[in-house]
Amino acid sequence: MKQAYQKYIPFEPIALPDRTWPEKRLTAAPIWCSVDLRDGNQALIDPMNVEEKLKLFHTLVDIGVKEIEVGFPSASETEYEFIRTLIDGGHIPDDVTIQVLVQAREHLIKKTFEAIQGAKHVIFHFYNSTSTLQRKVVFHTDVAGVKQIAVDAAKLIRELSEPVVASGVDLRYQYSPESFMGTEMDAAVEICQAVIETLGATPEHKIILNLPTTVENCMPNYFADEIEYFIRKLPSRACAIISLHPHNDRGEGVATAELGQLAGAERVEATLFGNGERTGNVDMVTLALNLYTQGVDPRLDFSDINRIRDVYEQVTKMKIGERQPYVGELVFTAFSGSHQDAINKGTHYMQESGTEYWEVPYLPIDPADVGRQYEPIIRINSQSGKGGAAFVMQHHFGFDLPKVMHPEFGHIVQVETDRVGKELKPERVFELFKAEYMDVTVPYELVRHSFAEFTDESGHSHVTFAGTLRHQDTVFQVQGSGNGPIDAFFNAIHGQKMDRFTFVDYKEHAVSDGSDSMAVAYIQLRDKAGKDVFGVGVSHNINLAPLKGILSAINRAVTGRV
Ligand code: KIV
Ligand code: ZN
């Protein structure tokens, strides 16, 4: 490739030193138009059949898209049939406008008018190519030539629309100077102004001027300059809604749409997940959720993004990449230990502070807002830090381990990831926890027990514990009193061989197991050498859980687990 780059002609930016768009902010959603059923569909290896198109159409309606380009009815029978099915089958809600595309050619325009009969709200979208390159290599004409094509089509459309409008159809016009991004801006203005005048657009009945990046050919800031320039120069700006139609050849479609809006565009044509010709059209989901995460209402509903993904994958037979923004399988997953710790801290901060904002590092959006679960946020691999395993225990299973236990359990999980050489699923993390802390019932086992409790005249509570313990084959009785069940039990076992431990701390909370609620107790004991030993007890009985926890700690210590 050493020399080949020299054959490419660099984009020539226009001069706009007094540009204003860099100081602007996006504070409202654009008018959205979906082109999934047209631009998206035409780029599929297997275009959608009528049933699939209907499914996608209804999904777009559910999302809240109000303008939907439904096809190119003059291009094929399937396209025509689909539009008839939509209209005749009563599939189009009253607040949704269908858009039909047609080339600026007489017989195709006529056929398109036939296709829309009976629809309530229609955008009649016509286009012809205007760029320098297309004029030179495809059409062999000049600016006047392409302008004439557009004006002739506009005349015909105005004429044919008269009876349609008279019959009560809410008909609007849209014109696209196709390959706008490669058109001289003054020529684009001249052509679009001629179309506005021919169609008789007014501020009350605006035309949509759709300015496509048919092939993305420059950096988004240069494109924004073009849009600002175009808008400033257009004499009848008040009679037009400026629309963008970015493709994604340089991978900058989203930025192009965002900067184009800063430059004054009010409408965006896009597709779900960026399906479309070549590298695709701009992705509506990313654009909308980018607004959302800046505190702007996108006026589209992606609260069940997995369902939308499933419909998309089913009807397009395309696959969404694992790292696709907001939806990919891995986008809510943190592999690095430091990221996991920070997410953990962010979640705690949010719970403790009661903040009304989303303040979790490494997660630009709350996964729950798009219907995603916390489950896949953290996957445990050998890079996960000590907080990662604790996070999984809390978010997947509701076990809120005391901080002092995190390093020990983190190490246990890390040893296992090193052993198996791959990441662990949350269920495996739980199995490790259970085996290490909850299932250690030997050598000491509580066979049966009872508590007696009374409160004296000064309000102090006194608890007596009496129980039967088993140590291997030996069964023995213990009894003790204290100011609570833990104290009583600990005093009861004190004279036994278990008395080399002192009680340091405990924490207990409820976990719900389906409809059931269980108590889980984390116990911290210390042996004579000053070493801390942890145990965990789980029971339906809140008095029993800590006793099981104490025995778990002792059993772990005496069997050499710690
Ligand atoms: O990309 C494009 O220019 C188009 C037009 C037909 C709007 O799809
Ligand atoms: Zn396109």
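Residues numbered from 1 in each chain as written. Chains lettered and ligands numbered in written order. Predicted model: local features only at pLDDT ≥ 70, side-chain atom pairs only at ≥ 80, totals over all residues. Heavy atoms only, no water.

## Focus on the pattern of salt bridges
- In the structure shown here, the tally under the stated rule is 34 salt bridges.
- A salt bridge links D62 to R307, with the nearest nitrogen and oxygen atoms 3.7 Å apart. Here R307 lies in helix α11 (residues 305-316) and D62 lies in helix α2 (residues 50-63), a separation of 245 residues in the sequence.
- For R307, a relative accessible area of 36% puts it in the partly exposed group.
- The partner of E436 in a salt bridge is R561, and the shortest N-O contact between them spans 3.3 Å. With a gap of 125 residues between them, E436 in helix α15 (residues 426-438) and R561 in the segment after α17 (544-558) connect regions that are remote in the sequence.
- Accessibility expressed as a relative area gives 12% for E436, which makes it buried.
- On the basis of relative accessible area, R561 is assigned to the partly exposed category, the value being 39%.
- A single network of salt bridges, built from pairs that share partners, joins E67, R172, R267 and E269. (Salt bridge = Lys/Arg side-chain N within 4 Å of Asp/Glu carboxyl O. Helix = DSSP H or I, 4+ residues; strand = E, 2+ residues; numbered from the N terminus. Buried < 20%, exposed > 50% of the residue type's maximum accessible area, 1.4 Å probe, protein only.)

## Considering the sheet that holds strand β4 (residues 121-129)
- With parallel pairing, 8 strands are arranged side by side around a closed barrel as β1-β2-β3-β4-β5-β6-β7-β8. Ignoring strand direction, the axes of neighbouring strands in this sheet form an average angle of 25°.
- Two elements, strand β6 (residues 207-213) and strand β7 (residues 240-246), share 7 bridges in a ladder whose sense is parallel. What sits directly across from L211, in β7, is L244.
- Relative to strand β2 (residues 67-71), α2 is tilted by about 170°, and along the sheet it contacts β1 (31-34), β2 and β3 (97-103).
- Strands β6, β7 and β8 (267-270) of the sheet are contacted by helix α9 (residues 253-262), whose axis makes an angle of about 165° with β7. (Pairing = 2+ DSSP bridges. Axes fitted to C-alpha atoms, helices over the stretch in contact; angles between N-to-C directions. Contact = heavy atoms within 4.5 Å.)

## Details of the coordination of the zinc ion (ligand 2)
- The zinc ion (ligand 2) binds to the protein through D39 (OD), H245 (NE2) and H247 (NE2); the donor distances cover 2.0 to 2.1 Å.
- For H247, a relative accessible area of 3% corresponds to the buried category. (Donors = N, O, S within 2.8 Å, 3.2 Å for Na, K, Ca; no water.)

## Here's the deal with the state of the cysteines
- Under the criterion given, the structure shown has 0 disulfides.
- You can see C192 has no disulfide; the closest cysteine sulfur is in C239, sitting 13 Å from it.
- Just so you know, C218 is unpaired, no disulfide at all, and the nearest cysteine sulfur is the one on C192, 17 Å from it.
- Residue C218 is classed as buried on the basis of its relative accessible area, which comes to 4%. (Disulfide = S-S within 2.5 Å.)

## Brief notes about a nonpolar patch on the surface
- Taken together, the side chains of L133, V137, V138 and F139 present a nonpolar region at the surface, about 370 Å² in accessible area.
- When you line up the elements, V137 lands in helix α5 (residues 132-139).
- Owing to a relative accessible area of 48%, V137 belongs among the partly exposed residues under this scheme. (Patch = residues over 30% accessible without salt bridge, like charges linked within 9 Å, V, L, I, M, F, W, Y side chains within 5 Å. Areas by Shrake-Rupley, 256 points an atom, 1.4 Å probe, with all protein chains shown as cover.)

## A short note on the site of ligand 1
- Around ligand 1, the structure places R38, D39, H125, Y127, S176, E178, N210, P212, T214, H245 and H247.
- Take R38: an N or O atom from its side chain is 2.9 Å from an oxygen atom of ligand 1.
- Residue H245 places a side-chain N or O atom 3.1 Å away from an oxygen atom belonging to ligand 1.
- Taken by itself ligand 1 offers 260 Å² of open surface, and the protein chains cover 95% of this.
- Residue assignment for the shell around ligand 1 shows that the elements contributing at least two residues are α1 (36-42), β4, β5 (170-178) and β6.
- Its residues assigned to classes, the shell around ligand 1 comprises 2 nonpolar, 6 polar and 3 charged. (Near = heavy atom within 4 Å. Polar contact = N/O pair within 3.5 Å; in protein donor to acceptor, adjacent residues only side chain to side chain. Nonpolar A, V, L, I, M, F, W, Y, C, P; charged D, E, K, R; others polar.)

## Points about the packing of α2 against α11
- The contact between α2 and α11 brings their axes to 10 Å, and the two run at 155°. As judged from the angle between their axes, α2 and α11 are roughly antiparallel. Here α2 runs over α11; the crossing is left-handed. Of the residues in α11, those in contact with E52, K55, L56, T59, D62 and I63 of α2 are R307, I308, V311, Q314 and V315. (Parallel < 35°, antiparallel > 145°, perpendicular 65-115°, else oblique. Left-handed = near helix turned anticlockwise from the far one by under 90°.)

## With respect to the sheet that holds strand β9 (residues 444-455)
- Judged by pairing direction, the sheet is antiparallel, and its 3 strands sit side by side in the order β9-β10-β11 without closing on themselves. Edge positions in the sheet fall to β9 and β11 (474-482), since each has one partner strand and no second. Sheet twist, expressed as the average angle between the axes of neighbouring strands with direction ignored, equals 15°.
- Here helix α16 (residues 485-493) sits on the sheet and contacts β9, β10 (461-471) and β11; the angle it forms with β11, its principal contact strand, is near 130°.
- Contacting β9 and β10, α17 runs over the sheet at an angle of about 140° to β9.

Read these as spatial facts, not as claims about activity.
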